[in-house]
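What the coordinates show
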Amino acid sequence: MSKISVIVPVYNTEKYLPRCLDSLLKQTFTDFEVILIDDGSIDGSLAVCQSYAAKDSRFNVFQTQHRGQASARNAGIDHAMNNDSKYIAFIDSDDWVSELFLEGLYESVGTGVTISSALYLETDGTGEQPVPQKGKTTVVSAEEYYLAAGVLPFTAWGKLFEKSCFQSVRFPEIPMHEDTMLIYKILFQTGKIAVHGSLLYFYFLNDEGISAKKWSKDRLLELDAMDSQLAFFEKNGYLKALKHGAAVKGRMMAYQLSETESDFPGEKKLLKARLKKHMKKYRLKRSDICLK
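In this report, we go over the structure that sits alongside the text. (Residues numbered from 1 in each chain as written. Predicted model: local features only at pLDDT ≥ 70, side-chain atom pairs only at ≥ 80, totals over all residues. Heavy atoms only, no water.)

Turning next to the overall build of the protein. Summing up its helical and strand segments, the protein has nine helices and nine strands in all. Counting only C-alpha atoms and orienting by the principal axes, one finds that the protein spans roughly 55 × 45 × 40 Å. Looking at the protein residue by residue over its 292 residues, the buried ones come to 50%. The long-range fraction of contacts in the protein, counting pairs at least 24 apart against all pairs at least 6 apart in sequence, stands at 82%. Of the roughly 14,300 Å² of accessible surface on the protein, 51% is carried by carbon and sulfur atoms. Averaging the positions of the 37 positive and the 37 negative side-chain charges in the protein gives two centres separated by 10 Å. (Helix = DSSP H or I, 4+ residues; strand = E, 2+ residues; numbered from the N terminus. Buried < 20%, exposed > 50% of the residue type's maximum accessible area, 1.4 Å probe, protein only. Contact = heavy atoms within 4.5 Å. Areas by Shrake-Rupley, 256 points an atom, 1.4 Å probe, with all protein chains shown as cover. Lys, Arg positive; Asp, Glu negative; His and termini not counted. Charge placed at Lys NZ, Arg CZ, Asp CG, Glu CD.)

Here is the structure:
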């Protein structure tokens, strides 16, 4: 069986999916399987998935009723748990990866840790992309990783996990930010993370994606997840992470205030009060959260 199970949740990304799957076909590390979970797509995404499965036996397609990305990721994990792979990687279906993505992370995780992570680049897909490079691997503590530049520590994508990390946990099945609710627990439980020092993951700035949609109350779930993180940092004495996380949450709240639609005046008022309380609790200044 394959060493790595790559889980790709798919929902209505017909336009971008070939770019994602082509980047997997180009991998220099070839001992992997791709678990494509079509989450009830109503465009041509399923047909795209099936076309790749028809030409490469490493691609496996599974269909579910539409229940969201968290449910699709969990379905992928369940399939991976029933095979002999040792590692799991997640890729969002509108993103893509360097040809060295799996090779780099697999070599990095061989340093004796259970998780490795790549640097990432936000891109609209235009312009020249960085030339793939074999970067140096650095092993850091979970707190150091949280404070590091060039990574998003609590996303599921851009990382390679030993499958045992998900032996007894799954993503909470909520509309968005499910990885923010879970990944920090896994990272701090494992203690150390190997960081591959090269850009290996390309995060697509998709103006049709879930994170670009009109503001809704679901966006407050990210703040709830960050509250859980801050409580965890405080309880366990991660003071640097606590200070940094408090500022990050403050900036996120300020950003949400700026984009809250006029259709939600009550929510905007509550969010403003919540931000004020947060700043007072963590002794934040306006400059800490970049408010004008």
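Turning our attention to the side chain of Lys-249. Along the polypeptide, Lys-249 turns up in helix α8 (residues 239-259). Not counting residues within four places of it along the chain, the set of residues in contact with Lys-249 comprises Leu-223, Met-226, Asp-227, Leu-230, Arg-274 and His-278.

Helical geometry note: an α-helix holds 3.6 residues per turn, so side chains three or four residues apart project in the same direction. Between its first and last C-alpha, helix α7 (residues 220-236) extends 25 Å over 17 residues, near the 24 Å set by a 1.5 Å rise per residue. Restricting attention to buried positions, one finds in α7 the residues Leu-220, Leu-221, Glu-222, Leu-223, Ala-225, Met-226, Gln-229, Leu-230 and Phe-233. Looking at the buried side of α7, the elements it contacts are α5 (142-147), α6 (178-190), α8 and α9 (265-281). A positive backbone phi angle near 75° is found at Gly-237, which sits one or two residues after α7. (Expected span 1.5 Å × (residues − 1).)

Scanning the entire structure with this criterion turns up one cavity of 30 Å³ or more. Here the largest cavity defines a volume of roughly 40 Å³. In this structure, the largest cavity is lined by Ser-117, Ala-118, Tyr-120, Tyr-145, Gly-150, Val-151, Leu-152, Thr-155, Trp-157, Gly-158 and Lys-159. With three residues, strand β6 (residues 115-123) is the largest single contributor of residues to the lining of the largest cavity. Residue classes in the lining of the largest cavity are distributed as six nonpolar, four polar and one charged. (1 Å grid on protein atoms, 1.4 Å probe; cavity = no way out; pocket = protein on both sides within 12 Å on 5 of 7 lines; lining within 4 Å. Points joined across faces, edges and corners; volume = space filled by probe spheres on them. Nonpolar A, V, L, I, M, F, W, Y, C, P; charged D, E, K, R; others polar.)

Taken as a whole and assessed by the stated rule, the structure comprises 25 aromatic pairs. Here the aromatic rings of Tyr-52 and Phe-59 are separated by 5.9 Å at their centres, their planes lie at 40°, and the arrangement is tilted. Classification of Tyr-52 by relative accessible area gives buried; the value is 5%. Ring centres of Tyr-120 and Trp-157 lie 5.5 Å apart, and the angle between their planes is 65°; this geometry places the pair in the edge-to-face category. Remark: Trp-157 occurs in the loop between α5 and β8 (159-162) and Tyr-120 occurs in strand β6; sequence separation between them is 37 residues. Here the two residues Tyr-120 and Trp-157 agree in accessibility, since each one is buried. Joined through ring pairs, the aromatic side chains of Tyr-146, Phe-154, Tyr-184, Phe-188, Phe-232, Phe-233 and Tyr-238 make up one cluster. The ring centre of Phe-204 lies 4.5 Å from the NZ or CZ of Arg-19, which sits over that ring. (Phe/Tyr/Trp six-rings, centres within 6.5 Å; stacked < 30°, edge-to-face > 60°. Lys NZ or Arg CZ within 6 Å of the ring centre and 35° of its normal.)

Here we come to a positive patch on the surface. On the surface, Lys-268, Lys-272, Lys-276 and Lys-280 cluster together into a positively charged patch. Checked against the element boundaries, Lys-272 lands in helix α9. Relative accessible area serves as the criterion here: at 58%, Lys-272 is assigned to the exposed category. (Patch = residues over 30% accessible without salt bridge, like charges linked within 9 Å, V, L, I, M, F, W, Y side chains within 5 Å. Salt bridge = Lys/Arg side-chain N within 4 Å of Asp/Glu carboxyl O.)

The next thing to look at is the nonpolar core. Of all hydrophobic cores here, the largest spans 48 residues; its most connected members are Phe-90, Phe-161, Phe-166, Phe-171, Ile-186, Leu-187 and Phe-233. The element best represented in this core is α8, accounting for seven residues. Phe-161 has contacts with Lys-86, Tyr-87, Ile-88, Phe-90, Thr-114, Ile-115, Ala-156, Phe-166, Ile-183 and Ile-186, leaving out every residue within four places of it along the chain. The next biggest cluster of nonpolar side chains, apart from the first, holds 33 residues, and it includes Val-6, Leu-100, Ala-118 and Trp-157. (Core = buried A, V, L, I, M, F, W, Y, C linked by side-chain atoms within 4.5 Å.)

Here we take up unusual backbone geometry. A positive phi angle, close to 55°, is found at Asn-12, a residue other than glycine. By relative accessible area, which is 28% here, Asn-12 ends up partly exposed. The phi torsion at Arg-283 lies on the positive side, around 55°, for a residue other than glycine. Structurally, Arg-283 can be placed in the segment after α9.

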